[in-house]
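Observations on the model geometry
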Amino acid sequence: MYQQFSADFSTSGGRLAFGITGSGPSLSLIDTLYSGLFMRLDLLKPARDILDASRYPRLAAWSQHLLGLEPVQNSVVPEFSKMYIGMVKMREGYISQSM
């Protein structure tokens, strides 16, 4: 399933089915929804760069833009990265094997 999604996503130029291409001048509802996913994918980057900028330039740019915003950075507890990485390792799934 992941392989099919990845192939479809690659051929679409990094656009989601409903046409999201990035953040506007202010933080929108869709930005807030995706910021949590982008935060987690960014923490997993050392193990696997899922949002590889060479494959998904617009999505990666959107992610980096959102991750640089203060409201996004302050939306989690300070020890979030340590907690999340610990949870991933504890589950002993595919990604945790690379950590």
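What counts and how
- Residues numbered from 1 in each chain as written.
- Predicted model: local features only at pLDDT ≥ 70, side-chain atom pairs only at ≥ 80, totals over all residues.
- Heavy atoms only, no water.
- Core = buried A, V, L, I, M, F, W, Y, C linked by side-chain atoms within 4.5 Å.
- Buried < 20%, exposed > 50% of the residue type's maximum accessible area, 1.4 Å probe, protein only.
- Helix = DSSP H or I, 4+ residues; strand = E, 2+ residues; numbered from the N terminus.
- Contact = heavy atoms within 4.5 Å.
- Axes fitted to C-alpha atoms, helices over the stretch in contact; angles between N-to-C directions.
- Parallel < 35°, antiparallel > 145°, perpendicular 65-115°, else oblique.
- Left-handed = near helix turned anticlockwise from the far one by under 90°.
- Nonpolar A, V, L, I, M, F, W, Y, C, P; charged D, E, K, R; others polar.
- Phe/Tyr/Trp six-rings, centres within 6.5 Å; stacked < 30°, edge-to-face > 60°.

The subject of this paragraph is the nonpolar core. Residues Tyr 34, Phe 38, Met 39, Leu 41, Leu 51, Tyr 56, Leu 59, Trp 62, Leu 66, Leu 67 and Val 72 constitute the largest nonpolar core, which totals 11 residues. Looking at this core, the elements that each hand over two or more residues are helix 2 (29-44) and helix 3 (57-67). Setting aside its immediate chain neighbours within four residues, Met 39 contacts Leu 67, Val 72, Ser 75 and Val 76. In terms of nonpolar packing, the next biggest core, distinct from the first, is built from five residues, Phe 80, Tyr 84, Val 88 and Ile 95 among them.

What follows is about the packing of helix 2 against helix 5 (residues 80-91). Where helix 2 contacts helix 5, the two axes come as close as 10 Å, and the packing angle between them is 70°. Viewed along their axes, helix 2 and helix 5 adopt a mutual orientation that is roughly perpendicular. With respect to the hand of their crossing, helix 2 and helix 5 are arranged in right-handed fashion. Here Arg 40, Leu 43 and Leu 44 of helix 2 come into contact with helix 5, specifically with Phe 80, Ser 81, Tyr 84, Ile 85 and Val 88. Class assignment of the residues belonging to the contact of helix 2 with helix 5 gives a composition of six nonpolar, one polar and one charged.

What follows deals with the side chain of Ser 63. Structurally, the position occupied by Ser 63 is in helix 3. Ignoring sequence-local partners within four residues, the contact set of Ser 63 consists of Phe 38 and Leu 51.

Looking now at the packing of aromatic side chains. The full count for this structure, using the stated rule, is four aromatic pairs. Measuring from centroid to centroid gives 5.1 Å for Phe 38 and Trp 62, while their planes differ by 80°, and the two rings are edge-to-face. Within this pair, whereas Phe 38 is found in helix 2, its partner Trp 62 is found in helix 3, the two being separated by 24 residues in sequence. Here Phe 80 and Tyr 84 contribute two aromatic rings whose centre-to-centre distance is 5.9 Å and whose plane-to-plane angle is 20°, an arrangement assigned as stacked. Taken together, the positions of Phe 80 and Tyr 84, both in helix 5 and four residues apart, correspond to about one turn of that helix. Here the two residues Phe 80 and Tyr 84 agree in accessibility, since each one is buried.

What follows deals with the environment of Ile 85. Relative to the assigned elements, Ile 85 resides in helix 5. The spacing of Ile 85 and Met 99 is 14 residues in sequence and 8.7 Å in space, taken between C-alpha atoms. Aside from chain neighbours lying at most four places away, what touches Ile 85 is Leu 43 and Met 99.

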